[in-house]
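# Overview (structure and organization)
Below, each chain spelled out in residue letters.
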Amino acid sequence: MRAIAGACVGAATLVLTLSYAGQALWAGAGIGAAIGLLWSIGQWRGAHWPTDLYLAGWVGLAAFGAWQGVSAGWMLVAMIAALAAWDLDRFAERLHSAGRVIHPTDLARAHLRQLAIVVGVGLVLGFVALGLRIELTFGWALLVAGLAIYSLSRLIGAGRDAEQ
Amino acid sequence: MHRWLLLSLLIAGLVLLGLGAVRGEIVALALPLLVYAGAALLGRPEAPKLEATRLFSAERVARGTPVTVSVSIANLGARPATVRLEDQVPPQLMLVEGQTRLLTRLAPGASAELEYIVVGERGVYQFPGVQASVEDPLGLFRATALFHSTGQLFIVPEVSRLRRVEIRPRRTHVYAGQIPARQGGAGVEFYGLREYQPGDPTRWINSRATARNPQTVFVNQFEQERVADVGLILDARQQSDVRTREGALFEYSIQAAAALADTFLHRGNRVGLLMYGRSLDWTLPGYGKLQRERILRALARAQTGDLPVLEKLDYLPTRLFPARSQLVLISPLQAHDADMLAGLRARGYQLLVISPDPVSFELRGLGEQAMAEAAARIARLERALLLQRCRRTGVTVVDWPTDVPFQQIAGTALSRPPIGLHGMAGAP
């Protein structure tokens, strides 16, 4: 589990840094390498708390790279690798804080299977979306934005309901 | 930050940024995150349908004895569930082995067990319930519920049985026991002489007395031994308690009360317990092992209190104790208690006071300080005067320096009849 999470961070860092470097965006490459390094050290030391920050940073860097003209496909790959690493870090933390874990291998295997499906579908859908070209009028764009905000509120509501 | 909130913000940020910058590829970057959130949302757990049961290896143990707690949880739902279980252990108990938390995946109808060992100090511990959370497969959403699998653990004080405690109440019961009844009859100790009556055993004939009076035959009389009523009064007033780094003086009082109750009950007496301080906590008098258990459980939950009306012993409900019975007060004693004790004596009660010494106890907790030593000398003088006042009214007082085990002090001070007690009580 730890090795897979480490490999995901390594892959995300490598892809993002090389993509930025390919466009001579050295600052972005440096920041990506720094976040990747910190993330790896955190994994090695067992410090899982800043993982949320790393993921947010990674998404920000991917969006910035796509905006700056870096290959969106590579950005997508880097972001998905970071998402997987974030998920595995959180899973490791859950196992660690759970006290006694019954059949941890089975739990890990089930989680990896679920994650692999999600990552695979996300990757395929992402690449399909990158290949599509849709012209949106301002009204449609506004509708999509409204939908995004509505979905966000529903997601937050669902999260709160689950906690109660 | 909650994971679902972070994901939501990232997705919304990417979509809005992509729309604002009119860059479709930025919107496309949100898709994997959307898929992740959607998958978690689809597997979002419902309220857990679980059943929890808790078992103790023993529901009543002595202080320091390890207790194994087993919590079993069963999935009553129709779907497999990843269950995170956390037993709510009272914070005063110390976990010595095992874990109070568990993570497992439970198939419908399956169950899992959590086992751990705790030890604790004297007290009654309520286990509120088991907190169980069910998670979606990605662990993004969690539904938590508290299951009322209540349990109660009694940790009773340690009981050290005393070899002998001599008491002489003025009134005894009709049943045979071990307390001298101040009446002639069958017994062990010589009581007196009387004229021979038909039916008396010949071995009772006192040949010397008969030889001096040839006209009359004298027989020995022995003191009857009966069981008696013993009322234990535990001083639970907060002002009587002393707390230092080493603990509370009240715990020593508890220890003495437990030992005395056990000893009196073991010898067949009827024993009641009154805890005076936090409230008037009265354990009705009774005999035997059941009463021993009742008293130990009452002592397990004993706490000091500062109820203003019970600041002095003036409101001691003497009606609870049979007239002329034996009372045993376990108290460090306050200056104003002597008058009340004299009053009890005047009403015909035989009174024994076990007084854990608060001065030496507090001094031990303070360590070596010149000022403390001087203050302790004054306090010792005051205490000596107080004990002397009590003894003058006919109260038997045992001054107990708590660094000496109670068994030892009781063995020295209480193994002889109370008549000879006054001179030696207090000697460690």
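Residues numbered from 1 in each chain as written. Chains lettered and ligands numbered in written order. Predicted model: local features only at pLDDT ≥ 70, side-chain atom pairs only at ≥ 80, totals over all residues. Heavy atoms only, no water.

A word on the overall build of chain B. For chain B, the helix and strand inventory stands at 10 helices and 21 strands. The C-alpha radius of gyration of chain B comes to 33 Å, more than 25% above the 22 Å expected for a compact globule of 428 residues. Overall size of chain B, expressed as C-alpha extent along the three principal axes, is 135 × 60 × 35 Å. Burial statistics for chain B: of 428 residues in total, 52% are counted as buried. Considering only residue pairs separated by 6 or more positions, chain B has 71% of its internal contacts joining residues 24 or more positions apart. Summing over all exposed atoms, chain B offers an accessible surface of approximately 20300 Å²; the carbon and sulfur share of this is 52%. (Helix = DSSP H or I, 4+ residues; strand = E, 2+ residues; numbered from the N terminus. Rg over C-alpha atoms; globule rule 2.2 N^0.38 Å. Buried < 20%, exposed > 50% of the residue type's maximum accessible area, 1.4 Å probe, protein only. Contact = heavy atoms within 4.5 Å. Areas by Shrake-Rupley, 256 points an atom, 1.4 Å probe, with all protein chains shown as cover.)

With that out of the way, let us pick up helix H6 (residues 337-346) of chain B. Residues and elements named next belong to chain B. Burial in H6 covers these residues: Asp337, Ala338, Met340, Leu341, Leu344 and Arg345. What you see down the axis of H6 is that its buried residues fit within an arc of 165 degrees, all on one side. In H6, the exposed residues that point more than 90 degrees away from the buried face are Asp339 and Ala346. Taken together, the buried residues of H6 touch strand E19 (326-330), strand E20 (350-356) and helix H8 (370-392). Where H6 ends, the next residue or the one after it, Gly348, has phi of about 100 degrees, a positive value. (Arc of directions from axis to C-beta.)

Residues and elements named next belong to chain B. Within the sequence span of helix H7 (residues 358-366), burial applies to Pro358, Val359, Ser360, Phe361, Leu363 and Gly365. Residues of H7 that are buried sit in contact with strand E15 (243-244), strand E16 (247-248), helix H4 (249-266), E20 and H8. In this structure Asp357 caps H7, since a side-chain oxygen of it lies 3.0 Å from the backbone nitrogen of Val359. Among the residues trailing H7, Gly367 stands out with phi positive, at a value near 85 degrees. (Polar contact = N/O pair within 3.5 Å; in protein donor to acceptor, adjacent residues only side chain to side chain.)

This part is about the sheet that holds strand E18 (residues 280-286) of chain B. Residue and element names in this part refer to chain B. What the 6 strands build is an open sheet, ordered E18-E17-E14-E19-E20-E21; its pairing is mixed. Two strands bound the open sheet, and with one partner strand each, they are E18 and strand E21 (396-400). The mean angle between the axes of side-by-side strands here comes to 15 degrees, regardless of whether they run parallel or antiparallel. Note that strand E17 (residues 270-276) and E18 share 5 bridges and pair antiparallel. Bridge pairing in E18 links Val271 to Gly286. Here H6 sits on the sheet in contact with E19 and E20, set at roughly 155 degrees to E20. (Pairing = 2+ DSSP bridges. Axes fitted to C-alpha atoms, helices over the stretch in contact; angles between N-to-C directions.)

On to empty space enclosed by the protein. All names here are of chain B. Under the definition given, this model contains 3 cavities of 30 Å³ or more. Looking at the largest cavity, its volume works out to about 100 Å³. Along the walls of the largest cavity sit Arg164, Val165, Glu166, Ile167, Gln178, Ile179, Pro180, Phe264, Arg267 and Asn269, which together make up its complete lining. Counting residues per element, the lining of the largest cavity draws most heavily on strand E12 (residues 176-195), which supplies 3 residues. When the residues that make up the lining of the largest cavity are grouped by side-chain class, the tally is 5 nonpolar, 2 polar and 3 charged. In this structure, the second largest cavity spans a volume of roughly 40 Å³. In terms of lining residues, the second largest cavity is bounded by Asp229, Val230, Gly231, Gly272, Trp282, Pro285, Leu320, Phe321 and Pro322. (1 Å grid on protein atoms, 1.4 Å probe; cavity = no way out; pocket = protein on both sides within 12 Å on 5 of 7 lines; lining within 4 Å. Points joined across faces, edges and corners; volume = space filled by probe spheres on them. Nonpolar A, V, L, I, M, F, W, Y, C, P; charged D, E, K, R; others polar.)

It is worth spelling out the pattern of salt bridges at this point. The tally for this structure, following the rule as stated, stands at 28 salt bridges over all chains. For Glu135 of chain B, the salt bridge is made with Arg94 of chain A, and the minimal N-O distance between the two is 2.8 Å. Here Arg94 of chain A lies in helix H4 (residues 72-97) and Glu135 of chain B lies in strand E9 (residues 130-135), a pairing that spans two chains. Of the two residues, Glu135 of chain B and Arg94 of chain A, neither departs from the other in class, the shared state being buried. When the shortest N-O distance is used, the salt bridge between Glu246 of chain B and Arg364 of chain B registers 3.6 Å. In this pair, Glu246 of chain B sits in the loop between E15 and E16 while Arg364 of chain B sits in helix H7, placing the two residues 118 residues apart along the sequence. Through salt bridges with shared partners, a single network forms among Arg94 of chain A together with Arg84, Glu135 and Arg142 of chain B. (Salt bridge = Lys/Arg side-chain N within 4 Å of Asp/Glu carboxyl O.)

Sheet strands line up and pair through hydrogen bonds in the backbone, either parallel or antiparallel. Residue and element names in this part refer to chain B. Spatial ordering of the open sheet is given by E1-E3-E7-E5, a layout of 4 strands whose pairing is antiparallel. Lying at the two open borders of the sheet, with one neighbouring strand each, are strand E1 (50-56) and strand E5 (94-98). Geometrically, the sheet is characterised by an average inter-axis angle of 30 degrees between neighbouring strands, direction not taken into account. In the sheet, strand E3 (residues 67-75) pairs with strand E7 (residues 111-119) via 8 bridges, with the strands oriented antiparallel. Paired with Thr68 across the bridge in E7 is Ile117.

What follows concerns the interface of chain A and chain B. In this assembly, 52 residues from chain A lie in contact with 52 residues from chain B. Together, the buried faces of chain A and chain B total about 4400 Å²; carbon and sulfur atoms form 73% of this surface. Connecting chain A to chain B are 2 salt bridges. Taken together, chain A and chain B are joined by 12 residue pairs in polar contact (both at pLDDT 80 or more). Among the secondary structure elements, those contributing two or more residues to the side of chain A that touches chain B are helix H3 (51-67), H4, strand E1 (100-101), helix H5 (104-131) and helix H6 (138-163) of chain A. (Buried area = accessible area lost by both parts, 1.4 Å probe.)

Quick look at unusual backbone geometry now. Residues and elements named next belong to chain A. Unusually for a residue other than glycine, Ala24 sits at a positive phi of about 60 degrees. Tracing the sequence through the fold places Ala24 in the loop between helix H1 (2-22) and helix H2 (26-45). Backbone geometry places His103, a non-glycine residue, at a positive phi of 50 degrees. As for its placement among the helices and strands, His103 is situated in the loop between E1 and H5.

Residue and element names in this part refer to chain B. Structurally, the position occupied by Ser360 is in helix H7. Among the polar contacts made by the side chain of Ser360, one reaches the side chain of Asp357 at a distance of 3.2 Å. Those residues in contact with Ser360 that lie beyond four places of it in its chain are Pro401 and Thr402.

Applying the stated criterion across every chain yields a total of 10 aromatic pairs over all chains. When the centroid spacing of 5.6 Å and the interplanar angle of 70 degrees are considered together, the rings of Tyr252 of chain B and Phe361 of chain B count as edge-to-face. Here Tyr252 of chain B, found in helix H4, pairs with Phe361 of chain B, found in helix H7; they are 109 residues apart in sequence, far enough to count as distant. Taking the relative accessible area as the measure of exposure, Phe361 of chain B reaches 1% and is therefore buried. Considering the side-chain rings of Trp282 of chain B and Phe321 of chain B, the 5.5 Å spacing of their centres and the 85 degrees angle between planes classify their relative orientation as edge-to-face. Placement of Trp282 of chain B in strand E18 and of Phe321 of chain B in the loop between helix H5 (288-300) and E19 is noted, with a sequence separation of 39 residues between them. Given the relative accessible area of 4%, Phe321 of chain B is considered buried. In textbook terms, an aromatic cluster arises when at least three aromatic residues are bridged by ring pairs, as seen for Tyr252, Phe361, Trp400 and Phe406 of chain B. Directly above the ring of Trp86 of chain A sits Arg3 of chain B, whose terminal nitrogen or CZ lies 4.5 Å from the centroid. When the ring centre of Phe154 of chain B is taken as reference, the NZ or CZ atom of Arg297 of chain B above it lies at 4.4 Å. (Phe/Tyr/Trp six-rings, centres within 6.5 Å; stacked < 30°, edge-to-face > 60°. Lys NZ or Arg CZ within 6 Å of the ring centre and 35° of its normal.)

Keep in mind these values describe shape, not function.
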